[in-house]
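Below, each chain spelled out in residue letters.
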Amino acid sequence: MFEAFYASAWQHPLALWLAALAGAAVCLARRDLHASVRRYGLALTALSLCDAWLTADPVFGIGALPAAFASAVPLFFVLAGDFRFLLLWEAATPDGAIAIGARGVVRTAALTAIVPILAQLATAGREPRVLFLVYELAFCALTAALLRWHPNARALPWVRAVSRFVLLYYGLWAAADILLLATGADLGYGLRVIPNLLYYGGLTAAIARCAPAPRAAGAPH
């Protein structure tokens, strides 16, 4: 039952589209959010909507992607999904804004490459579910390392809060894949739906909820 729902259009893309739109609604509902964070949240919503659409099988309105794009498109969205979170560590400011610069983008791209490269090297020739699990655990380790050692960790408590949210959905993905690998239980697919929703819409909502309101001009520090 859970596997059938997981593979259906009801979950992917429909439920994921609804999650993305719910995240946008949270972002728009917060009136004291810095404009740069609101723009970022809406950009993430657009990314999530495209991700859920173009990584569905078949793609709604298109059908099966050509062979040249069948692997490249999902890989792009996996990397973009990690990049959108990791960029906060380089571009977020203590006063609740996001200031994106070329140097921060380059550093974020380097961080984004670490986990996929390690996962591919560690799982060469293994089944895809093992690759998923290693990727998930490695990303949890990377996030934990950022929380502990990133130079901006103390200055950005709101990004630390968002990072703990990311650990939640990556941890749930890992738990579901451990269950599937160990037992093959159908419940594993049901469990995977929860982090999917958190990934496509929850991250945008978490950023909007955790970002501090910008200080008014002349307000005491």
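Keep in mind that what you see is a predicted model, and the values were worked out from it rather than measured.

### Side note on the packing of helix α8 (residues 157–183) against helix α9 (residues 187–210)
- It is at 8 Å that the axes of α8 and α9 come closest, and there the two elements cross at 170°. Between α8 and α9, the angle is such that the two are roughly antiparallel.
- Residue classes in the contact of α8 with α9 are distributed as 24 nonpolar, three polar and two charged.

### Considering unusual backbone geometry
- Put simply, Asp 57 and Pro 58 share a cis peptide bond, and its omega is 5°.
- As for its position among the elements, Pro 58 is in the loop between α3 (35–54) and α4 (67–70).

### Focus on empty space enclosed by the protein
- The final tally for this structure, using the stated rule, is one cavity of 30 Å³ or more.
- Computed from the structure, the largest cavity encloses a volume of approximately 30 Å³.
- Along its surface, the largest cavity is lined by Leu 47, Ser 48, Asp 51, Phe 77, Ala 80, Gly 81, Arg 84 and Tyr 199.
- For the lining of the largest cavity, the secondary structure elements donating two or more residues are α3 and α5 (72–91).
- Counting residues per element, the lining of the largest cavity draws most heavily on α5, at four residues.

### What about the confidence of the model for the chain?
- Residues of the chain with pLDDT of at least 70 account for 97%, and the chain-wide mean is 94.
- Scored below 50 in pLDDT, residues 217–221 shows two contacts in the model against residues more than four places distant or in partner chains.

### Considering the packing of helix α2 (residues 10–29) against α9
- Where α2 meets α9, the axes come as close as 8 Å, and the angle between the chain directions of the two elements is 15°. It follows that α2 is roughly parallel to α9 by the angle criterion. Like other packed secondary-structure pairs, α2 and α9 cross with a definite hand, here right-handed. Here Gln 11, Ala 15, Leu 16, Ala 19, Ala 20, Gly 23, Ala 24, Val 26 and Cys 27 of α2 lie close against α9, whose contacting residues are Val 193, Asn 196, Leu 197, Tyr 200, Gly 201, Thr 204, Ala 205, Ala 208 and Arg 209.
- Split into classes, the residues belonging to the contact of α2 with α9 amount to twelve nonpolar, five polar and one charged.

### As for the packing of aromatic side chains
- Evaluation of the coordinates by the stated rule reveals eleven aromatic pairs.
- Three or more aromatic residues joined by ring pairs make a cluster, and in this case those are Phe 85, Phe 139, Phe 165, Tyr 169, Tyr 170, Trp 173, Tyr 199 and Tyr 200.
- Sitting above the plane of the Tyr 199 ring, Arg 84 keeps its charged end 4.3 Å from the centroid.

### Focus on the pattern of salt bridges
- The full count for this structure, using the stated rule, is five salt bridges.
- Of the charged contacts in the structure, one is a salt bridge between Asp 32 and Arg 30, with a shortest N-O distance of 2.6 Å.
- Residue Asp 32 is classed as partly exposed on the basis of its relative accessible area of 40%.
- For the salt bridge of Arg 192 with Asp 177, the shortest nitrogen-to-oxygen distance reads 2.9 Å. Here the residue Arg 192 occupies a position in helix α9, and Asp 177 occupies one in helix α8, the gap between them amounting to 15 residues. No difference in accessibility class separates Arg 192 from Asp 177, as the two residues are buried.
- Here the residues in one salt-bridge network are Arg 129, Glu 136, Asp 177 and Arg 192, joined through shared partners.

### Quick look at the nonpolar core
- Of all hydrophobic cores here, the largest spans 42 residues; its most connected members are Phe 85, Leu 88, Trp 158, Tyr 169 and Ile 207.
- Looking at this core, the elements with two or more residues in it are α2, α3, α5, α6 (102–122), α7 (128–149), α8 and α9.
- Looking at which element gives the most residues to this core, the answer is α8, with eight residues.
- Not counting chain neighbours up to four residues away, the residues in contact with Tyr 169 comprise Arg 84, Pro 195, Leu 198, Tyr 199 and Leu 203.

### Some words on the side chain of Arg 38
- Relative to the assigned elements, Arg 38 resides in helix α3.
- Although buried, Arg 38 forms no salt bridge, and the nearest oppositely charged side chain, Asp 32, lies 6.4 Å from it.
- Here Arg 38 is in contact with Cys 27, Leu 28, Arg 30, Arg 31 and Leu 33, once residues within four sequence places are set aside.

### As for the side chain of Thr 204
- Structurally, Thr 204 can be placed in helix α9.
- Overall, the relative accessible area of 2% leaves Thr 204 in the buried class.
- Those residues within four positions of Thr 204 in sequence are excluded, and the remaining contacts are Gly 23, Ala 24, Cys 27, Gly 41, Leu 44 and Thr 45.

Rules behind the numbers
Each chain has its residues counted from 1, following the order in which its sequence is written. Whole-chain, interface and lining totals are the exception, using all residues; otherwise, since this is a predicted model, local features are given only for residues with pLDDT of at least 70 and side-chain atom pairs are given and counted only at 80 or more. Heavy atoms from the whole structure form the basis of all side-chain values; hydrogens and water molecules are not counted. With axes taken as lines fitted to C-alpha atoms, and helix axes fitted only over the stretch in contact, angles between N-to-C directions fall between 0 and 180 degrees. By the criteria applied, helices consist of DSSP H or I runs no shorter than four residues and strands consist of E runs no shorter than two, each listed in order from the N terminus. Relative orientations are named as follows: roughly parallel for angles under 35 degrees, roughly antiparallel for angles over 145 degrees, roughly perpendicular for angles from 65 to 115 degrees, and oblique for any other angle. The residue classification treats Ala, Val, Leu, Ile, Met, Phe, Trp, Tyr, Cys and Pro as nonpolar and Asp, Glu, Lys and Arg as charged. All others, Gly included, are polar. Note on definitions: the grid is 1 Å and covers protein atoms alone; a cavity is a set of points where a 1.4 Å probe fits but cannot get out; a pocket is an open set with protein on both sides within 12 Å along at least five of seven lines; lining residues have an atom within 4 Å of a point. Grid points are joined across faces, edges and corners, and a volume is the space filled by probe spheres set on the points. Residue-level confidence of the predictor is what pLDDT reports, using numbers from 0 through 100. What makes two residues a contact is simply this: any of their non-hydrogen atoms within 4.5 Å. Whether a crossing is left-handed or right-handed is set by the direction in which the near helix is turned from the far one by less than a right angle, anticlockwise for left-handed and clockwise for right-handed. Ring pairs are drawn from Phe, Tyr and Trp, using the six-membered ring of Trp, whenever the two centres fall within 6.5 Å, and their geometry is named by plane angle: stacked under 30 degrees, edge-to-face over 60, tilted for the rest. For a Lys NZ or an Arg CZ to count as sitting over a ring, it must be within 6 Å of the ring centre and within 35 degrees of the ring normal. Salt bridges are defined by distance alone: a side-chain nitrogen of Lys or Arg within 4 Å of a carboxyl oxygen of Asp or Glu. Think of it in three bands: residues with accessible area under 20% of the maximum for their type are buried, residues over 50% are exposed, and the middle band is partly exposed, with areas taken using a 1.4 Å probe on protein chains only. Side-chain atoms within 4.5 Å are what join buried Ala, Val, Leu, Ile, Met, Phe, Trp, Tyr and Cys residues into a set we call a nonpolar core. The positive count covers Lys and Arg only, the negative count covers Asp and Glu only, and His and the chain ends enter neither.

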